[in-house]
Amino acid sequence: MQKSDLMESLKSLMKEQKLAVLASFHDNEPYTNLVGFAASDDLKYIFFVTPVATRKYSYLITFRKASIMIDNRSNNEYDFKDAMAVNATGNVMVVEKTDDHKALYLGKYPYLHDFLLSPSSALMKMEVRSYIVASRFQNVVEIDMA
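Here is what the cut-offs are and how they apply
Residues numbered from 1 in each chain as written. Predicted model: local features only at pLDDT ≥ 70, side-chain atom pairs only at ≥ 80, totals over all residues. Heavy atoms only, no water. Phe/Tyr/Trp six-rings, centres within 6.5 Å; stacked < 30°, edge-to-face > 60°. Helix = DSSP H or I, 4+ residues; strand = E, 2+ residues; numbered from the N terminus. Buried < 20%, exposed > 50% of the residue type's maximum accessible area, 1.4 Å probe, protein only. Lys NZ or Arg CZ within 6 Å of the ring centre and 35° of its normal. Salt bridge = Lys/Arg side-chain N within 4 Å of Asp/Glu carboxyl O. Core = buried A, V, L, I, M, F, W, Y, C linked by side-chain atoms within 4.5 Å. Contact = heavy atoms within 4.5 Å. pLDDT = per-residue confidence, 0-100. Lys, Arg positive; Asp, Glu negative; His and termini not counted. Pairing = 2+ DSSP bridges.

## Quick look at the packing of aromatic side chains
Link 1 in the chain: Inspection of every chain in the model, using the stated rule, returns 4 aromatic pairs.
Link 2 in the chain: On the basis of an interplanar angle of 80° and a centroid distance of 5.7 Å, the ring pair of phenylalanine 25 and phenylalanine 63 is categorised as edge-to-face. With a gap of 38 residues between them, phenylalanine 25 in strand β1 (residues 19-26) and phenylalanine 63 in the loop between α2 (55-62) and β4 (65-71) connect regions that are remote in the sequence.
Link 3 in the chain: Note on phenylalanine 25: relative accessible area 31%, which makes it partly exposed.
Link 4 in the chain: Centre to centre, the rings of tyrosine 31 and tyrosine 59 are 5.2 Å apart; their planes meet at 85°, and the pair counts as edge-to-face. Taken together, the residues span a long stretch of sequence, with tyrosine 31 in strand β2 (residues 29-39) and tyrosine 59 in helix α2 at a distance of 28 residues.
Link 5 in the chain: Assessed through its relative accessible area of 24%, tyrosine 31 is described here as partly exposed.
Link 6 in the chain: Against the face of tyrosine 45 rests lysine 125, its NZ or CZ located 4.4 Å from the ring centre.

Structure follows, in structure tokens:
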């Protein structure tokens, strides 16, 4: 698969999927959570919202490196040949809830308006360093976003 085709598949996956698994770290141990995410059009950034009074937030503020796994599995045998899984790695930071950021996130999750705008929630942005894309069970490609 050519890089342009792979990027288009990746964009489609990011638009279609609602949930991802976020892995953060604490005391050299991974910690995972489900998050609703939205990716920028150029795929350089992934945004998600979290309450500030959570382990997830604390761990991300302390150790900014994280990974996010997005996939399209349907939990059946066809996944071994048809599913795509993507691991995005990068640094995470709190960002302002600008009109552009709100539009991006709420365009995908209009029902999370109050959650996003709550003063007790933070909008987080991952600056994606790379994507590792696994498809057709054993086809693995890394995309450097630098």
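## Some thoughts on unusual backbone geometry
Link 1 in the chain: Non-glycine residue aspartate 27 carries a positive phi angle of around 50°.
Link 2 in the chain: Positionally, aspartate 27 belongs in the loop between β1 and β2.
Link 3 in the chain: A positive phi is found at asparagine 28, a non-glycine position, where the angle reads about 65°.
Link 4 in the chain: Tracing the backbone through its elements, the reader meets asparagine 28 in the loop between β1 and β2.

## Notes on the pattern of salt bridges
Link 1 in the chain: Under the defined criterion, the tally for this structure stands at 3 salt bridges.
Link 2 in the chain: The partner of aspartate 71 in a salt bridge is arginine 73, with the nearest N and O atoms 2.1 Å apart.
Link 3 in the chain: On the accessibility criterion, arginine 73 (52% relative accessible area) is exposed.
Link 4 in the chain: Two residues, aspartate 99 and lysine 102, come together in a salt bridge whose shortest N-O distance is 3.6 Å. One end of the pair is aspartate 99 and the other is lysine 102, both in helix α4 (residues 99-108) and 3 residues apart, which spans about a single turn.

## Details of the nonpolar core
Link 1 in the chain: Counting residues in each nonpolar core, the largest one holds 38 residues, and the members touching the most others are Met14, Ile46 and Tyr131.
Link 2 in the chain: Mapped onto this core, the elements with two or more residues apiece are α1 (3-16), β1, β2, β3 (45-51), β4, β5 (84-95), α4 and β6 (121-135).
Link 3 in the chain: The greatest single-element share of this core, amounting to 7 residues, is contributed by β6.
Link 4 in the chain: With residues up to four places along the chain from it excluded, the contact list for isoleucine 46 reads Met14, Phe37, Ala38, Ala39, Ile68, Ile70, Ala88, Met124, Lys125, Met126, Val128 and Tyr131.

## Some points on the confidence of the model for the protein
Link 1 in the chain: Looking at the protein, pLDDT values average 92 and 96% of them are 70 or higher.
Link 2 in the chain: For the protein, the element scoring lowest by mean pLDDT is helix α3 (residues 79-82), at 68; β3 scores highest, at 98.

## Some thoughts on the side chain of lysine 108
Link 1 in the chain: With respect to the helices and strands, the residue lysine 108 is situated in helix α4.
Link 2 in the chain: Buried lysine 108, no salt bridge; nearest opposite-charge side chain is glutamate 16, N-O distance 9.6 Å.
Link 3 in the chain: For lysine 108, the residues in contact, after removing those within four places along its chain, are Met14, Lys15, Gln17, Lys18, Phe37 and Ala38.

## Thoughts on the pairing of β4
Link 1 in the chain: A large share of β4 lies buried, amounting to 5 of its 7 residues.
Link 2 in the chain: Here 3 bridges tie β1 to β4, and the two strands are oriented antiparallel to one another. When the bridges of β4 are listed, leucine 22 appears paired with isoleucine 68.
Link 3 in the chain: Bridge analysis of β4 against β5 gives 7 bridges, and the strand direction is antiparallel. Along β5, the bridge assignment pairs serine 67 with threonine 89.

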